[in-house]
Amino acid sequence: MLQTISLRDFVIVDQLELDFSTGFTVLTGETGAGKSILLDALSLALGERADNSQIREGSNRAEIPALFRIEPDQAKALNQWLDAQGFPLEADGQSLVLKRTVEASGRSRA
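Given the structure is predicted, the values throughout are model-derived calculations rather than measurements.

Novice: I keep staring at unusual backbone geometry and nothing clicks. Help me out?
Specialist: Negative phi characterises most residues that are not glycine, and trans characterises most peptide bonds. Phi is positive for aspartate 9, which is not a glycine, with a value near 55 degrees. Its place among the elements puts aspartate 9 in strand 1 (residues 2-10). Non-glycine residue valine 11 carries a positive phi angle of around 55 degrees. With respect to the secondary-structure elements, valine 11 resides in the loop between strand 1 and strand 2 (13-19). Look at valine 11 and you get partly exposed, because its relative accessible area is 30%.

And the structure:
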């Protein structure tokens, strides 16, 4: 489950951190308020193709880290798969950070 997502220099967003860890979250707003920008950022963190047009004008790179809570019944299998890929879970074994950085040069790191 998504716990938090942070955006830095992404499209028109200078800096934003959203916490989804408690309660029920609904995204609402007028056209142009940024709902799609938030979903695009989440897609990037999850591996969507990136390009340098997503970097805020005047910035050198955009960064999008997303913190996910891993449910206990999924942690063991996920941890085994991540270990095999060289990406262990956080020390608590119940959280995973996916971070995407898009450089002005067009390079992207996940």
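From this point, things continue past the structure.
Novice: Any chance you could explain helix 1 (residues 35-45) here in plain terms?
Specialist: Residue pairs three or four apart in sequence face the same way in an α-helix, which turns once every 3.6 residues. Those residues of helix 1 lying buried are Ile37, Leu38, Ala41, Leu44 and Ala45. All buried residues of helix 1 fall inside an arc of 120 degrees around its axis, so they share one side. Packing partners of the buried residues in helix 1 comprise strand 1, strand 2, strand 3 (61-69) and strand 4 (95-103). Positive backbone phi, approximately 115 degrees, marks glycine 47, located one or two places after helix 1.

Novice: Whenever I open this one, helix 2 (residues 72-85) confuses me. Can you help?
Specialist: Helix length check: helix 2 (14 residues) gives 20 Å between terminal C-alpha atoms against 20 Å at 1.5 Å per residue, within 8%. Where helix 2 bends most, at leucine 78, the angle is about 25 degrees. Remark: glycine 86 follows helix 2 within two positions and exhibits a positive phi of approximately 90 degrees.

Novice: Even after reading the chapter, I still don't get the pattern of salt bridges, so can you show me in this structure?
Specialist: When the charged atoms of two side chains lie near each other, side chains of opposite charge can form a pair. Under the defined criterion, the tally for this structure stands at eight salt bridges. As a salt-bridge pair, aspartate 14 and arginine 56 come within 3.3 Å of each other at their nearest N and O atoms. One end of the pair, aspartate 14, is in strand 2; the other, arginine 56, is in the loop between helix 1 and strand 3, and 42 residues separate them in sequence. A relative accessible area of 45% places aspartate 14 in the partly exposed class. Put simply, Arg8, Asp9, Asp14, Arg56, Arg61, Glu63, Lys99 and Glu103 are held in one network by salt bridges that share partners.

Novice: Looking at this structure, I do not really get the sheet that holds strand 2. What am I missing?
Specialist: With respect to topology, five strands assemble into an open sheet ordered 2-1-3-4-5, the strand pairing being antiparallel. Here the strands that pair on one side only, and so sit at the sheet edges, are strand 2 and strand 5 (108-109). Sheet analysis places strand 1 next to strand 3, joined by four bridges and oriented antiparallel. Within strand 3, the residue paired with leucine 2 across the bridge is phenylalanine 68. The strands touched by helix 1 are strand 1, strand 2, strand 3 and strand 4; relative to strand 1, the strand with the most contacts, the crossing angle is about 105 degrees.

Novice: Please explain the layout of surface pockets as it appears in this structure.
Specialist: One water molecule sets the probe size; rolling that probe over the atoms shows where empty space is left. Of the volumes computed, that of the second largest pocket is approximately 190 Å³. Sorting the residues of the lining of the second largest pocket by element identifies strand 2 and helix 1 as the ones contributing at least two each. A class-by-class count of the residues in the lining of the second largest pocket yields nine nonpolar, two polar and one charged.

The rules behind each value
Residues numbered from 1 in each chain as written. Predicted model: local features only at pLDDT ≥ 70, side-chain atom pairs only at ≥ 80, totals over all residues. Heavy atoms only, no water. Helix = DSSP H or I, 4+ residues; strand = E, 2+ residues; numbered from the N terminus. Buried < 20%, exposed > 50% of the residue type's maximum accessible area, 1.4 Å probe, protein only. Arc of directions from axis to C-beta. Contact = heavy atoms within 4.5 Å. Expected span 1.5 Å × (residues − 1). Bend = angle between axes of the 7 residues up to and from the residue. Salt bridge = Lys/Arg side-chain N within 4 Å of Asp/Glu carboxyl O. Pairing = 2+ DSSP bridges. Axes fitted to C-alpha atoms, helices over the stretch in contact; angles between N-to-C directions. 1 Å grid on protein atoms, 1.4 Å probe; cavity = no way out; pocket = protein on both sides within 12 Å on 5 of 7 lines; lining within 4 Å. Points joined across faces, edges and corners; volume = space filled by probe spheres on them. Nonpolar A, V, L, I, M, F, W, Y, C, P; charged D, E, K, R; others polar.

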